[in-house]
Amino acid sequence: MKNVAQKMFTSGGRAKVWRTFVVLLVITLAATVINLGAEFNKGADWVKTRTGIPVPHVIVIPFHLGLDLLGGTQLTYQADVSAIPVADRTSAVEGVRDVIERRVNAFGVAEPNIQTNYSGGKPFVLVELAGVKDAEKAIKMIGETPLLEFKEKSPDARKLTKEEEAQIKKYNTEAEKKVKVVMEKIKKGENIANLTATYSDDADSKAKGGDIGWVTSDNNPTVAGIAAKLAVGKTSDAVKFTKGYEIVKLDEKKAKTDPFNNQPEREVKASHLLICFKDVEGCDSGLTKDEARSKIEKIKKEATIKNFSELVKKNSTEPGARNSGGSLGWFSAGKMVAEFEKAVFAGKKGEIIGPIETQFGYHLIYKEDERQISEFKVRHLFIKTMSATDIVGEQTDWKNTELTGKNLKSAVVTTNQVDMTPQVSLEFDEQGAKLFADVTGRNINKQVAIFLDGYSISSPTVNEKIPNGKAVINGRFSAQEAKVLAQRLNAGALPVPINLVNQQLVGATLGAKSVQDSVKAGLIGFVLVAVFMLLFYRLPGLLAVIALMIYVSFSLAIFKLGWISLITLFMINAGQVTITLAGMAGFIMSIGVAVDANILIFARMREEMANGRPFSLAIEEGFRRAWPSIRDSNSMTLLTCIILMMTTAGVVKGFAVTLFIGVVVSMFTAIFVTRTLLKLIPENILSKWSFLISSSKK
Amino acid sequence: MTNYSIIQKRSIWLGASLALFVMAVAAIILWQFKLGIDFTGGSLLEVNFKGPRPTVTEVQAKFTANNIGDLGSLVIQPIGEQGIALRFQDSTELKHRAVLKALNDLALAKSTDKKVTDLIEEVRFDSVGPSIGQELKSKAMSAVFWVFIGILFYITYSFRKVSKPVASWKYGLAALVALGHDAIITLGVFAYLGHFKGMEINTPFVAAILTVIGYSVHDTIVVFDRVRENLPKSHDDFEGTVNLSLNQTLGRSLSTSFTVLLTLLAILFWGGDSIKPFALALTIGIAIGTYSSIFVASPLLVVWEKWGKK
């Protein structure tokens, strides 16, 4: 050690080389500790127990593995922003991202990673989910996210002409006649299956005797709602809905089972009492978490089945609880926050469960009833009625306002005080309230419309500016429809339509196997290259192998720290490098590329020695003359990588990133590190044993 | 140092390359490529059966009999001991679930232990909507375009000082011809593999071709670099100088490509099935690239110079 120190601090060329060497050594050690953080900490513990010397622990930095190595799913949704003004598009896409995130989080999917991404000018939302079963659930959840738009009349909108109004009226009278005819035939004992071909307006099922397979209250609330009241084999009356009349015949009925474990799926009827606390967004109870907890525990002591609804009306902090009594109606698995769902499904019928903590606060839950979810095999006959939208269309008539589904805070089922029909009350967030005030303010005595999933469901005329951020959707719902809608809206509403365009799923075992295989291939590749270098280039080959090890260590450290550390020498932890399967291939390939520079240099060195130059000069010349080739050729690979990084995404980008980092780091290690090492060896040794470098037969 | 007469025998090399090139073009025109789902849109599902695996015909029968509906050009392929891969055109989540359930039912029918109900493991599932496929295609095209343009400009700039007896842009063009040769022959091999072995072309394949192009130009540049260095001090004619340069750099050209091929072969043999087509494209491309930088690019340069003299 003393020897090295002496060499370092004496002046002259060699001292400089020694200093460089020590700096390199320190950086390499640092990189190794970063790579082997966990092992280092184990070693530190071992030293401490053995000797009592406290060795500090280091922070263990993990690799960021892509989903193809980790196992999991990536969903790509395209957001359709064509209907909204250009200026609002970015915020709408962010809104989509937030809603999806809220929704996926609320249903307890593990660590989702959700990002927006623009490609070819089109906005996409990427949802990355670790785990496979979660993905199925998430797709379902995201698929059920309602699209809520608020529209106003566009200036060039047209009203219905008299003739058109007459046409609608005529059509609907005809429809009613048709309904009567059909119902008479059914009463005479005619089978609905024989009538659909002539009378049904459902193009998909009319040729099949009205058969629409199995439905549940989830995927077809209208038909399932009618079917639920029927005995098997019976046919219902004609029931009027927004879009027309439904006549349903129930063929079969069964309990719905989960396709994966064949367990029957259940649904639960419950009501709940919520006490929120300060940390919860939008909570104005003013209670701290502890206060909320003791309050709800006190309520629990006095709660019985009989007084539960009263207690809710008096105490619950949920908006709308005063009207609803906290009733949630029937709901199936996957509709509520994970903690809530777990508790309510585990509880007994008639039990008061809780307090349960969720992201909304503390809940007391009264489990009113439980039943298996029924699936109905039905035939239906649909007779369409006409409305104004059928003639004028949706697009030309209405235009989007700045207010969208992302501004929605909560939705509850309430009852219209005038005609006692069920309706859904909306409450907007702060920004939404302002926007709603603007929209209503400029549309006094004009219509505004609320569009759900692309259909106008309510288009009231504005009487006055509404400043309190509250709106009502009154779309002539059935109680069941209103309830499902409120549930869907509460989990977040989308500002623009989305479309699942790409799904990638990798099972966890495949991911783990890919990692194993790649590491194995990498080690074998490294050994093969090392053996080749040693056999072919001897001492310099050995140095190149050492440089290659340093290269691997540096590159891995940079993968862990992020690519910005490439510029700042490990100083900043930023520019995350996600390692994918193709990325690992890129890195392994870069091991082979990394020695290229060394080969160019060594070949040149041998050539110079063959030309009779002394060793030190041959080494210098080798490095100097090989440089232009190294620079030119590596520039080409870097150029390719940059173009790939700019034009592609996902798999290919991962490959380009690791190859790029590999090439940059290898230029440094192959040239700088090898040169320093070579210079450390005293010249007289090299002269004496020239076979170490070359077998030149002069 | 031995001085092989490579350039002098250029008609052999260029002839062989031309033959290969023509065959590759013929293969591409005749068989075309088997495009992967990321270009055509569609779904690729791979599952492992925990119990006995149903045969391909059983699966086929299940899907034609079952009321899943039209999946669109269904292809079923056994994978390894327990696995099966399905490819179909429909890319909706609903069909995905229905197919999984149908496969599980098949497995259930074969199973003796009726208590275990979950008999398949989903190894992977990729689905690509049709519009995305179109977009990827155009993106891949623009990447190829820009890589070629970039290389042409870089080489022309790099060789701007050597303009006699051959203009610097001709070095660039000779290198590009060699690269086109590499790319077309690799594509030809994959047209063959696609037709006879069912190997598909996907986005990673495009990346592999571009990487081959970016890397193969290495060797060509090393040779041209040496020509650039030798030209001013050489007493030989252009042909002799190029041949000398080629011989001087032969060892390192072979060595550099060899080390990369070593790592690629390691990936090809030990890196797992998922990455195999990608590694294969890189391996073939770089092997051909090494050949072309020695036997195509430099001879072309000389041919060009001779023509100029006539």
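A quick note: this is a predicted structure, and the numbers were derived from the prediction, not measured.

Engineer: With reference to specific residues and values, describe the overall build of chain B.
Structural biologist: Across its full length, chain B holds 9 helices and 4 strands. Counting the 310 residues in chain B, one finds 49% classified as buried.

Engineer: Residues and numbers for the pairing of strand β8 (residues 244-255) of chain A, please.
Structural biologist: Residues and elements named next belong to chain A. Where strand β7 (residues 239-241) and β8 come together, 3 bridges link them in antiparallel fashion. Bridge pairing in β8 places K240 opposite Y245. Where β7 folds back on β8, the antiparallel hairpin that results is connected by 2 residues.

Engineer: So what's going on with the environment of K483(A)? Which residues, and what values?
Structural biologist: By the element assignment, K483(A) lies in helix α16 (residues 479-490). Contact partners of K483(A), with chain neighbours within four places excluded, come to G329(A) and V413(A).

Engineer: Just give me the short version of the interface of chain A and chain B, but keep the residues and values in it.
Structural biologist: On the chain B side, the residues contacting the 57 residues of chain A number 58 residues. Where the side of chain A that touches chain B is concerned, the elements lending two or more residues are β20 (498-506), α17 (508-561), α19 (581-610), α20 (615-647) and α21 (650-680) of chain A. Looking at the side of chain A that touches chain B, its residues break down into 34 nonpolar, 18 polar and 5 charged. Relative to strand β4 (residues 120-128) of chain B, β20(A) is paired through 5 bridges, and the arrangement is antiparallel.

Engineer: Residue-level account of the sheet that holds strand β19 (residues 470-473) of chain A, with values.
Structural biologist: Sheet strands pair via backbone hydrogen bonds, and the direction of the pair is either parallel or antiparallel. Residue and element names in this part refer to chain A. Taken in spatial order, the 3 strands make up an open sheet running β15-β16-β19, and their pairing is antiparallel. A strand with exactly one partner marks an edge of an open sheet, and here the two such strands are β15 (408-415) and β19. Strand-to-strand twist across the sheet, computed as the mean angle between neighbouring axes with direction ignored, equals 25 degrees. Judged from the 7 bridges that link them, β15 and strand β16 (residues 422-428) form a sheet pairing that is antiparallel.

Engineer: Explain the sheet that holds strand β9 (residues 266-275) of chain A to me, and be specific about the residues and the numbers.
Structural biologist: Residues and elements named next belong to chain A. An order of β10-β9-β12-β11 is seen for the 4 strands of this open sheet, with the pairing classed as antiparallel. On the outer flanks of this sheet lie β10 (327-332) and β11 (352-358), each paired with one strand and no other. Taking each pair of neighbouring strands and ignoring which way they run, the sheet shows an average axis angle of 35 degrees. Relative to the sheet, helix α11 (residues 308-315) contacts β9, β11 and β12 (361-372), its axis offset from that of β9 by approximately 45 degrees.

Engineer: Describe helix α7 (residues 203-230) of chain B, with residues and values.
Structural biologist: Helix length check: α7(B), at 28 residues, gives a terminal C-alpha distance of 41 Å against a target of 40 Å (1.5 Å per residue), a fit within 8%. Within α7(B), 25 of the 28 residues are buried, which leaves it mostly tucked inside the rest of the structure.

Engineer: Describe helix α6 (residues 168-197) of chain B, with residues and values.
Structural biologist: Compared with an ideal rise of 1.5 Å per residue, which puts 30 residues at 44 Å, α6(B) spans 43 Å between its outermost C-alpha atoms and is within 8% of the ideal. Positive backbone phi, approximately 70 degrees, marks G198(B), located one or two places after α6(B).

Engineer: Describe the confidence of the model for chain A, naming the residues involved and giving the relevant values.
Structural biologist: Residues shown with low pLDDT carry predicted positions that ought not to be read at fine detail. Averaged over every residue, the pLDDT of chain A is 80; residues scoring 70 or more account for 88%. No element of chain A has a lower mean pLDDT than helix α1 (residues 2-9) of chain A, at 57, and none a higher one than α17(A), at 91.

Engineer: Quick rundown of the confidence of the model for chain B? Include the residues and the values.
Structural biologist: Residue and element names in this part refer to chain B. Mean pLDDT for chain B: 85, with 96% of residues reaching 70 or above. Here helix α5 (residues 130-158) is the element of chain B with the lowest mean pLDDT, 79, and helix α1 (residues 10-31) is the one with the highest, 94. In the predicted complex, the global pTM is 0.67; the interface-specific ipTM is 0.88.

Engineer: So what about the pairing of strand β17 (residues 448-452) of chain A? Which residues, and what values?
Structural biologist: Residue and element names in this part refer to chain A. Counting buried residues along β17, 5 of its 5 residues qualify, which places the element largely inside the surrounding structure. Across 5 bridges, strand β5 (residues 148-153) lies against β17 in antiparallel orientation. Note on β17: the bridge partner recorded for F150 is I450. Examined bridge by bridge, β17 and strand β18 (residues 455-458) share 3 bridges and lie antiparallel to one another. Of the residues in β18, the one forming a bridge with L452 is Y455. What sits between β17 and β18 in their antiparallel hairpin is a turn of 2 residues, with D453 showing a positive phi close to 50 degrees.

Engineer: How would you explain the nonpolar core if you had to name every residue and give the values?
Structural biologist: Within the largest apolar cluster, 217 residues are counted, with the highest numbers of intra-cluster contacts made by V96(A), L548(A) and A585(A). Top element by residues in this core is α17(A). It accounts for 22 residues. Not counting the four nearest positions on each side in its chain, A585(A) is found in contact with F655(A), I267(B), G271(B), I275(B), F278(B) and A279(B). With 28 residues, the next largest nonpolar core counts L273(A), V280(A), L311(A) and Y362(A) among its residues.

Cut-off values and rules
- Residues numbered from 1 in each chain as written.
- Chains lettered and ligands numbered in written order.
- Predicted model: local features only at pLDDT ≥ 70, side-chain atom pairs only at ≥ 80, totals over all residues.
- Helix = DSSP H or I, 4+ residues; strand = E, 2+ residues; numbered from the N terminus.
- Buried ≥ 20, exposed ≤ 12 C-beta atoms within 10 Å, placed from the backbone.
- Pairing = 2+ DSSP bridges.
- Contact = placed C-beta atoms within 7 Å.
- Nonpolar A, V, L, I, M, F, W, Y, C, P; charged D, E, K, R; others polar.
- Axes fitted to C-alpha atoms, helices over the stretch in contact; angles between N-to-C directions.
- Expected span 1.5 Å × (residues − 1).
- pLDDT = per-residue confidence, 0-100.
- Core = buried A, V, L, I, M, F, W, Y, C linked by C-beta atoms within 7 Å.

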